[in-house]
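# Structure at a glance
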There are 2 protein chains.
Amino acid sequence: MASALAERSSSGVQSVERAIAILKSFSIDKPERGVGELSRELGLHKSTVSRLMTTLERGGLLSRSPESQRYRLGIDLLGLAAHVAGYMDLREVARPYLRRVADECQESVNLVVLDVSERGGQRRAQVVNLEQFVPPTRQVKNIGRVGRRMPPHCTAAGKVLLAYLPPEEREQVLPDVLEAFTPHTVTRRDHLQVELARVRQQGSAIVQEELEEGLNAVAAPIHDHTGSVIAAASIAGPAYRLTPQELPQLAAHLGKVAARISHDMGFTA
Amino acid sequence: MASALAERSSSGVQSVERAIAILKSFSIDKPERGVGELSRELGLHKSTVSRLMTTLERGGLLSRSPESQRYRLGIDLLGLAAHVAGYMDLREVARPYLRRVADECQESVNLVVLDVSERGGQRRAQVVNLEQFVPPTRQVKNIGRVGRRMPPHCTAAGKVLLAYLPPEEREQVLPDVLEAFTPHTVTRRDHLQVELARVRQQGSAIVQEELEEGLNAVAAPIHDHTGSVIAAASIAGPAYRLTPQELPQLAAHLGKVAARISHDMGFTA
DNA sequence: AACCATGTTGCGCATAACGGGACATATTAT
DNA sequence: ATAATATGTCCCGTTATGCGCAACATGGTT
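My aim in this report is to walk through the structure given alongside it, one point at a time.

## Regarding helix H8 (residues 189–202) of chain B
All names here are of chain B.
- An ideal rise of 1.5 Å per residue puts 20 Å on 14 residues; H8 measures up with 20 Å between its terminal C-alpha atoms.
- Elements in contact with the buried residues of H8: helix H6 (156–163), helix H7 (167–173) and strand S6 (205–208).
- In the stretch just after H8, Gly 203 is the one whose phi turns positive, near 80 degrees.

## Observations regarding the protein's contact with DNA strand D
- Taken together, the neighbourhood of DNA strand D is formed by 21 residues, with Thr 48 of chain A together with Gln 14, Val 35, Gly 36 and Ser 50 of chain B sitting nearest.
- Ser 15 of chain B is positioned such that a nitrogen or oxygen atom in its backbone is 3.0 Å from a phosphate oxygen of DNA strand D.
- Contact distances for DNA strand D include 3.2 Å between a base oxygen and a side-chain N or O atom of Lys 46 of chain B.
- Taken together, the elements giving at least two residues each to the surface near DNA strand D come down to helix H1 (14–24) and helix H3 (46–58) of chain A together with helix H1 (14–24), helix H2 (35–42) and helix H3 (46–58) of chain B.
- When its residues are assigned to classes, the surface near DNA strand D shows 3 nonpolar, 13 polar and 5 charged.

## Here we look at unusual backbone geometry
- Phi at Gln 106 of chain A takes a positive value of approximately 60 degrees, unusual for a residue other than glycine.
- Position of Gln 106 of chain A among the secondary structure elements: in the loop between helix H5 (87–105) and strand S3 (108–119).
- The exposure class of Gln 106 of chain A is partly exposed, given its relative accessible area of 24%.
- Its identity is not glycine, yet Glu 209 of chain B carries a phi of approximately 55 degrees, on the positive side.

## Digging into the relation of the copies chain A and chain B
- Of the transformation placing chain A onto chain B, the axial shift is 0.0 Å and the rotation is 180 degrees, giving an RMSD of 0.1 Å. As the rotation angle and translation indicate, the two copies are arranged about a two-fold axis. Residue Val 16 of chain A of chain A places its C-alpha closer to the rotation axis than any other residue of that unit, at 2.6 Å.
- With an isologous cut-off of 70% or more, the 98% of interface residues of chain A that recur at the interface of chain B puts this contact in the isologous class.

## So, the side chain of Ser 234 of chain B
Residue and element names in this part refer to chain B.
- Topologically, Ser 234 is positioned in strand S8 (residues 229–238).
- By relative accessible area, which is 6% here, Ser 234 ends up buried.
- Discounting residues that sit within four places of it in the chain, Ser 234 has contacts with Ser 108, Val 109, Asn 110, Ala 157, Val 218, Ala 219 and Leu 254.

## Here we look at the pairing of strand S6 (residues 205–208) of chain A
All names here are of chain A.
- Here S6 shows one buried face, formed by Ala 205 and Val 207, and one open face, formed by Ile 206 and Gln 208.
- Pairing of S6 with strand S7 (residues 215–223), which is carried by 4 bridges, proceeds in the antiparallel orientation. Looking at the pairing, Val 207 lines up with Ala 217 of S7.
- Linkage of S6 to S7, two consecutive antiparallel strands, is achieved through a turn of 6 residues, within which Glu 209 is found at a positive phi near 55 degrees.

## Concerning helix H8 (residues 189–202) of chain A
Residue and element names in this part refer to chain A.
- The set of residues buried in H8 consists of Arg 189, Leu 192, Glu 195, Leu 196 and Val 199. Taken around the axis of H8, the buried residues stretch over an arc of 115 degrees, which confines them to a single face. In H8, those exposed residues whose orientation departs by more than 90 degrees from the buried face are Val 194, Gln 201 and Gln 202.
- Considering only its buried residues, H8 is in contact with helix H6 (156–163), helix H7 (167–173) and S6.

## A look at the interface of chain A and chain B
- At the interface, 53 residues of chain A touch 52 residues of chain B.
- Carbon and sulfur atoms supply 65% of the area buried between chain A and chain B, which totals about 4,500 Å² over both sides.
- Here Arg 99 of chain B ties to Glu 92 of chain A by a salt bridge, and the two come within 2.5 Å at their closest N and O atoms.
- Among the elements of the structure, H1, H3, strand S2 (71–73), helix H4 (76–82), H5, S3 and strand S4 (122–133) of chain A are those that each provide at least two residues to the side of chain A that touches chain B.
- Its residues placed into classes, the side of chain A that touches chain B shows 25 nonpolar, 13 polar and 15 charged.

## Quick look at the protein's contact with DNA strand C
- Taken together, 22 residues sit near DNA strand C, with Val 35, Gly 36 and Arg 40 of chain A together with Thr 48 and Arg 51 of chain B positioned nearest.
- Considering DNA strand C, the proportion of its atoms within 4 Å of the protein that are sugar or phosphate atoms stands at 67%.
- One of the side-chain N or O atoms of Arg 40 of chain A is found 2.7 Å from a phosphate oxygen in DNA strand C.
- At the level of elements, H1, helix H2 (35–42) and H3 of chain A together with H1 and H3 of chain B are the ones that each hand at least two residues to the surface near DNA strand C.
- Residues of the surface near DNA strand C, tallied by class, amount to 4 nonpolar, 13 polar and 5 charged.

About the cut-offs
Sequence order as written defines residue numbering, which begins from 1 separately in each chain. To label them, take the chains in the order written and letter them from A, then take the ligands in the order written and number them from 1. Local features are withheld for residues below a pLDDT of 70 in this predicted model, meaning they are given only at 70 or higher, and side-chain atom pairs are given and counted only at 80 or more; totals for whole chains, interfaces and linings count all residues. Each side-chain value is worked out from all heavy atoms of the structure, with water and hydrogens disregarded. Helix and strand labels come from DSSP, where a helix needs a run of H or I of at least four residues and a strand needs a run of E of at least two; each type is numbered from the N terminus. Any helix carries an expected span of 1.5 Å times its number of residues minus one. Residues are treated as being in contact if the distance between any of their heavy atoms lies within 4.5 Å. If even one non-hydrogen atom of a residue comes within 4 Å of a molecule or strand, that residue is called near it. Polar contacts, as used here, are pairs of N or O atoms within 3.5 Å; protein pairs need one atom able to donate a hydrogen and one able to accept it. Residues neighboring in sequence count only if both atoms are side-chain atoms. Each residue gets one label: Ala, Val, Leu, Ile, Met, Phe, Trp, Tyr, Cys and Pro are nonpolar, Asp, Glu, Lys and Arg are charged, and the others, such as Gly, are polar. Here's how the labels work: a residue is buried when its accessible area is under 20% of the maximum for its type, exposed when over 50%, partly exposed in between, all with a 1.4 Å probe on protein chains only. When the copies are superposed, the least-squares fit draws on C-alpha atoms of residues that have pLDDT of at least 70 in both. Strand pairing is assigned whenever DSSP identifies at least 2 bridges connecting the two strands. In this description, the arc belongs to the directions extending from the helix axis to the C-beta atoms. A quick way to say it: buried area is the sum, across both parts, of accessible area lost when two parts are put together, with a 1.4 Å probe. A side-chain nitrogen of Lys or Arg and a carboxyl oxygen of Asp or Glu constitute a salt bridge if their distance falls within 4 Å.

Treat this as a map of the structure, not an account of what it does.
What follows is the structure, encoded as structure tokens:
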């Protein structure tokens, strides 16, 4: 993470790239950041970072917390996020359902979409968390907050989203080598294809310890009014709680909830 | 709005300012925008805008909708917004309550905070919408979506937030001239001070047609666990529905709901 | 008081961002 | 078909612009 902005990639506005890097340096663990701190982290001069942050503050994308010292992300980001097309309705509709599921299961529930973007001339797909519901009692692992990106081939939600992609599109966005995160990660494309077919057939995906050892998950597709799959709902939890014999019924349950959300989105099976 | 970036304000990174201007050019009415379009609007060359937008896209703050053409706001903004410190809890807690109020009253309900920022060497306060709940049946006026900024001295929520500000702070952030938006707008500071005292006493604010003719509103404060007022809830609607005789009980009702939210935020009266 | 942090401000240089215009592509009209 | 008008991207030469430097503030520790 040292200097993601080292690469002088052609045709990119340097200062804007740096400004974005500054914005993205904020996280749950680091909700406030200072100039010097970031200067070191990004390998830029203090003055440079200072000017960039001042500009971002003027623009409302940053603000300073108590009385001028460290910076926080600015309120205007909420306004911008509110205008991110499409997903707002989905989030509104899905929220109550998924919160309920989180309460019932006492596991963390996610609402995710597939984000395909151009990386180095290649179209790559990533799974992005739109929303996460964590049961209040279980603050154990706070993994995967909103905005987190994950690989699609080894996550339950990712498999669902891949499964319902048009075949040629799927071909494009799947990398040649499927990275192995654990010994259980499916790394062969042909094996994955078989699994995706099964996902389509079953209407849900079950993944055991493919992204992280000891982490299991199930997921189900959410359709919009045109019928295409626009998102997936997933339940994730430690393997000792989400046992192999429980997973199928959990998946089935989530499938029903997802279907209800789809219905509310205007989908008529 | 033609060119807010005309002013070569000292110590501001030009390209970042422009990038922010691009981001902020998106809105409900204009969820997708093109290079040429913006180039004209901002008075910049096509190539300049193209490069800026490409950079923003690479950074995930923009994305292109169908198959490379117009731009939309990018998903990563959701992730950034999720890290905007502090407000997330409040939104989560308040949401179900305020939605319910919106359903009951069949009026639009807002959750707002005060944003004080440095503008031209002067600290200015603005009221910002964190969240808006519009009853589904009444899509009439879709004013004031999330992120909208409004003056504090002539809005119900603004008066609440001003009322509970430390006096010296209030002095600072109140402009010398209170702009009149309608004939009913309070423009004298001493009159406003009297009203704010009444707000503190009553625990709620009632505003009739001060921001816009025919628009009435009530608001109540929301406290955090330390006791300070961090936000306000408001109900706004047309004067013919929110009649003068109804307003007080509406305000009282909202006050109770706000108190409940405060309680959930850890406030013990 | 001297020291170590922090973040901001002026300055001169060189790079990086700009605007111009050519190019590629798509949609519409003739 | 061909032309005409959009669109957005790419290359290139110029200079304004953003950079690093170092000095300057300011605040907390020893």
